[in-house]
Amino acid sequence: MPHPEPALPPNAAHPHSATLKRLEQSSGRLAANAIARMDETLPWYRAMPPENRSWIGLVAQAGIAAFTEWFRHPETPQAISTDVFGTAPRELTRAITLRQTVEMVRTTIEVMESAIEEVAAPGDESVLREALLVYAREIAFATAQVYAQAAEARGAWDARLESLVVNAVLSGEADEGAVSRAAALGWNAPEHVCVVLGTAPDGDSELTVEAIRRAARHAKLQVLTGVLGDRLVVIAGGSDNPLHVAKALIGPYAAGPVVAGPVVPDLLAATRSAQAAAAGLKACSAWQDAPRPVLADDLLPERAIAGDPSAREQLVEEIYRPLEEAGSALLETLSVYLEQASSLEGAARMLFVHPNTVRYRLRRVTDVTGWSPSDVRSAFTLRIALILGRLVDGDQQL
């Protein structure tokens, strides 16, 4: 590696002026040769549209011009990334990959190396070769810097987009714009979507988000995620089992309840899942022994008591109405059974039927509603559903 030459005094001749003049005269031909070599050896370059090829040509020309200027003043720090990639930095990083850029730079440097004997003045061959070696190292660092900056900018922009989508879903404002933003982030519109809510851990939220992404990749799930206030929100797609999704992603959440909303068909409907999960998270303190994670639907009675209208409607429509339509005997038997502290014999005496009749009707209740009266937790849910259903019926009669 040559040591930087001392600064030249004003009006002093350049120590390698002949080589510098030849280099200036050859820059256009060298750029053309580099483009021709790329066209000959790089299949991806030949396959590119003319606009992208022109960008690459501009960068190659700028690279050779920057080397000429750098050779003229080797003691002056040169902003190589600006000189070379400033012609089309954003377009370049979108048009070609980092690997392709490295191949482009390598090809240009090889063309310049092959022309050293022709371009350098007699006796300056080693000086020009060493200068080109140093410049090649600097251009490699500049390439890495340009792509790192582009990736950082894309990451920041993607994080803002993702935050907008997550906030829209959580606030009930999801629309086609949110769907378009999600698509720009790589969301492939999976058929099954659910929202998982819990407390965000202390510390860097970016690390938390990255931990969610790793867990999602391992579970083969698509996710849109973000930390909103003290909540860690995950919109997950790719599974019709919300409990499985919550278990797969629970690691990064802080201590405390984690609630999974119901599965919905798409991102636009994810607001419904988010609202159920948020209501469940709010009501979770009322169920001290709730599992972690827990389904929002398993918290229906607590949500209803806490004032969640959708939970009240769901209990009435999914439990009370089906029992009502199945016949008055089921509603009456369930009501009496619950009033008699879940005693088959006590309910049978009150209804003047055989205990086996009560047992049969309770099995029918389970078949109709999916909730078993003999299970303590299910019995509580059924009781709340009966109360809400009667209140609705009473209001309708007024």
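These remarks concern the structure in this document. Here the structure is a predicted model, which means the values were calculated and not measured.

Rules and cut-offs
Residues numbered from 1 in each chain as written. Predicted model: local features only at pLDDT ≥ 70, side-chain atom pairs only at ≥ 80, totals over all residues. Heavy atoms only, no water. Pairing = 2+ DSSP bridges. Helix = DSSP H or I, 4+ residues; strand = E, 2+ residues; numbered from the N terminus. Phe/Tyr/Trp six-rings, centres within 6.5 Å; stacked < 30°, edge-to-face > 60°. Buried < 20%, exposed > 50% of the residue type's maximum accessible area, 1.4 Å probe, protein only. Lys NZ or Arg CZ within 6 Å of the ring centre and 35° of its normal. Polar contact = N/O pair within 3.5 Å; in protein donor to acceptor, adjacent residues only side chain to side chain. Contact = heavy atoms within 4.5 Å. Core = buried A, V, L, I, M, F, W, Y, C linked by side-chain atoms within 4.5 Å.

## Details of the pairing of strand S2 (residues 222-228)
Right, so step 1: When S2 meets strand S3 (residues 231-237), the two strands line up antiparallel, connected through seven bridges. Among the inter-strand pairings, Gly226 is bridged to a residue of S3, identified as Val233.
Right, so step 2: Taken together, S2 and the strand that follows it, S3, pair antiparallel across an intervening segment of two residues, in which Gly229 is found at a positive phi of about 65 degrees.

## Observations concerning the packing of aromatic side chains
The geometry of an aromatic ring pair is captured by two quantities: the separation of the ring centres and the angle between the planes.
Right, so step 1: Tallied over the entire structure, the rule returns three aromatic pairs.
Right, so step 2: Where Phe67 meets Phe71, the ring centres are 6.2 Å apart and the plane angle is 35 degrees; that geometry is what we call tilted. Taken as a pair, Phe67 and Phe71 lie in helix H3 (residues 50-72) at a separation of four residues, close to a single helical turn. There is no split in this pair, since Phe67 and Phe71 are both buried.
Right, so step 3: An aromatic cluster is present here, built from Phe67, Phe71 and Tyr135 joined pairwise through their rings.
Right, so step 4: Lying over the aromatic face of Trp287, Arg377 brings its terminal NZ or CZ to 3.5 Å of the ring centre.

## Brief notes about the side chain of Ser273
Right, so step 1: Mapped onto the elements, Ser273 comes out in helix H12 (residues 270-283).
Right, so step 2: In this structure the side chain of Ser273 is engaged in a polar contact, spanning 3.0 Å, whose partner is the backbone nitrogen of Val195.
Right, so step 3: Other than its neighbours up to four places away in sequence, Ser273 contacts Cys194, Val195, Gly261, Pro262 and Val264.

## Thoughts on the nonpolar core
Right, so step 1: Of all hydrophobic cores here, the largest spans 34 residues; its most connected members are Met38, Trp44, Ile56, Phe67, Met104 and Leu128.
Right, so step 2: Sorting the residues of this core by element identifies helix H1 (17-41), helix H2 (43-46), H3, helix H6 (98-114), helix H7 (116-119) and helix H8 (125-171) as the ones contributing at least two each.
Right, so step 3: Of the residues forming this core, the biggest block, eight residues, is contributed by H3.

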